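Coordinate analysis (summary)
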Amino acid sequence: MVQRLVTCIGSRDLPEDKGIIIDKLCKFLVNNNCKMRSGGAGGTDRRFQSNFEILGGNKEIYLPWNGFEKLYVDNKDFFLVKSDICRSYTLKYHPNPNALSKYALLLMDRNAHQVLGLNLDLPSDLIVAYTENAAIKGGTAQALRMAKDLNIPVVNVGHNLPYEAFEEQINTILNLE
């Protein structure tokens, strides 16, 4: 079975009903040999990460700095952002990068890894996200803008749909059958 790369990201504010959908989607993704990419932030990112850890799924977590959210680089599952190769993506996709602090720049740089992998040469097959009402907003918006430009499909559980609809979308996009 071919391993699929799925970026799993979203808002720090995750309603429990959407968290339950994410729990089920994680089981579906792990059972279908998907590797999860995320950024270790609280809320949605951490929900995906925790599920993959519990289920024994493969993951890549990109940290803007060592110790972010009490997570530490091990170069196996947890990787440090390489700002020297990511910054051009931040400058291209962020609407106002000059307004960002050095820490906010690192958070934005991390999106390039989440979408394109450690060396920025292996795009994700899909992005599964949660944003309120499926809006393109917050830090997640950076990755969603990249996905749109790079023609990477997005499934946003912020849409008011039942779990089965999200699973069907993912199944169709990744051609899992």
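Below you will find a few notes about this structure.

The rules behind the values
Residues numbered from 1 in each chain as written. Predicted model: local features only at pLDDT ≥ 70, side-chain atom pairs only at ≥ 80, totals over all residues. Heavy atoms only, no water. Helix = DSSP H or I, 4+ residues; strand = E, 2+ residues; numbered from the N terminus. Rg over C-alpha atoms; globule rule 2.2 N^0.38 Å. Buried < 20%, exposed > 50% of the residue type's maximum accessible area, 1.4 Å probe, protein only. Areas by Shrake-Rupley, 256 points an atom, 1.4 Å probe, with all protein chains shown as cover. Lys, Arg positive; Asp, Glu negative; His and termini not counted. Charge placed at Lys NZ, Arg CZ, Asp CG, Glu CD. Phe/Tyr/Trp six-rings, centres within 6.5 Å; stacked < 30°, edge-to-face > 60°. Salt bridge = Lys/Arg side-chain N within 4 Å of Asp/Glu carboxyl O. Right-handed = clockwise from strand over helix to strand, strands pointing away. Pairing = 2+ DSSP bridges. Axes fitted to C-alpha atoms, helices over the stretch in contact; angles between N-to-C directions. Parallel < 35°, antiparallel > 145°, perpendicular 65-115°, else oblique. Left-handed = near helix turned anticlockwise from the far one by under 90°. Contact = heavy atoms within 4.5 Å. Nonpolar A, V, L, I, M, F, W, Y, C, P; charged D, E, K, R; others polar.

A word on the overall build of the protein chain
Within the protein chain, the regular secondary structure consists of 6 helices and 6 strands. If you list the helices and strands of the protein chain from N to C, you get β-α-β-α-β-β-α-α-β-α-β-α. By the compact-globule yardstick of 16 Å for 177 residues, the protein chain fits well, its C-alpha radius of gyration being 15 Å. Overall, the protein chain is about 40 × 35 × 30 Å in size when its C-alpha atoms are taken along their principal axes. In the protein chain, which comprises 177 residues, the share counted as buried stands at 51%. For the protein chain, the accessible area works out to roughly 8,600 Å², and carbon and sulfur atoms hold 49% of it. For the protein chain, the distance from the average position of its 20 positive side-chain charges to the average position of its 20 negative side-chain charges is 5 Å.

Details of the packing of aromatic side chains
Any pair of aromatic rings gets described here by the distance separating the centres and the angle formed by the planes. Under the criterion given, the structure shown has 3 aromatic pairs. Judged by centre distance (5.2 Å) and plane angle (85 degrees), the ring pair of Trp65 and Phe68 falls under edge-to-face. Assessed through its relative accessible area of 29%, Trp65 is described here as partly exposed. The rings of Trp65, Phe68 and Tyr103 are connected pair by pair, giving a single aromatic cluster.

Comments concerning the pattern of salt bridges
Between side chains of opposite charge, a pair can form as their charged atoms come close. Considering all chains together, one arrives at 11 salt bridges under this definition. Note that Glu69 is salt-bridged to Arg12, the shortest N-O span being 2.9 Å. Of the two residues, Glu69 is situated in the loop between strand E3 (59-63) and strand E4 (78-80) and Arg12 in the loop between strand E1 (4-10) and helix H1 (16-31); the sequence distance between them amounts to 57 residues. Under the relative-accessibility criterion, Glu69 is labelled partly exposed at 32%. Residue Arg12 is classed as partly exposed on the basis of its relative accessible area, which comes to 45%. In this structure, Lys76 engages Asp77 in a salt bridge whose closest nitrogen and oxygen atoms are separated by 3.5 Å. With relative accessibility at 15%, the residue Asp77 sits in the buried group. Bridged by salt links that share partners, the residues Glu53, Lys59, Lys76 and Asp77 form one connected network.

Let's talk about the pairing of strand E2 (residues 34-38)
Counting buried residues along E2, 4 of its 5 residues qualify, which places the element largely inside the surrounding structure. Tracing the backbone out of E1, into H1 and back to the parallel element E2 gives a crossover that is right-handed. In the sheet, E2 pairs with E3 via 3 bridges, with the strands oriented parallel. Bridging across to E3, Arg37 finds its partner in Glu60. In this region the chain leaves E2, passes through helix H2 (residues 44-55) and returns to the parallel neighbour E3; the handedness of that crossover is right-handed.

A closer look at the packing of helix H4 (residues 102-116) against helix H5 (residues 140-150)
One can describe the packing of H4 onto H5 by two numbers: an axis separation of 9 Å at closest approach and a directional angle of 45 degrees. With respect to each other, H4 and H5 are oriented oblique. Every pair of crossing elements has a handedness; the one defined by H4 and H5 is right-handed. Here Met108, Asn111, Ala112, Val115 and Leu116 of H4 lie close against H5, whose contacting residues are Gln142, Ala143, Met146 and Leu150. Each residue belonging to the contact of H4 with H5 can be placed in one class, and the counts come to 7 nonpolar, 2 polar and no charged.

Considering the sheet that holds strand E6 (residues 154-156)
Judged by pairing direction, the sheet is parallel, and its 6 strands sit side by side in the order E4-E3-E2-E1-E5-E6 without closing on themselves. Each of the sheet's edge strands pairs with one partner strand only, and the pair in question is E4 and E6. Geometrically, the sheet is characterised by an average inter-axis angle of 25 degrees between neighbouring strands, direction not taken into account. In the sheet, E3 pairs with E4 via 3 bridges, with the strands oriented parallel. Within E4, the residue paired with Tyr62 across the bridge is Phe79. Along the sheet face, H2 touches E1, E2, E3, E4 and strand E5 (126-130) and points at about 140 degrees away from the line of E1. Packed onto the sheet, H4 meets E1, E2, E3, E4 and E5 and runs at close to 175 degrees relative to E2.

In short, the description is geometric, and any link to function would need to be established separately.
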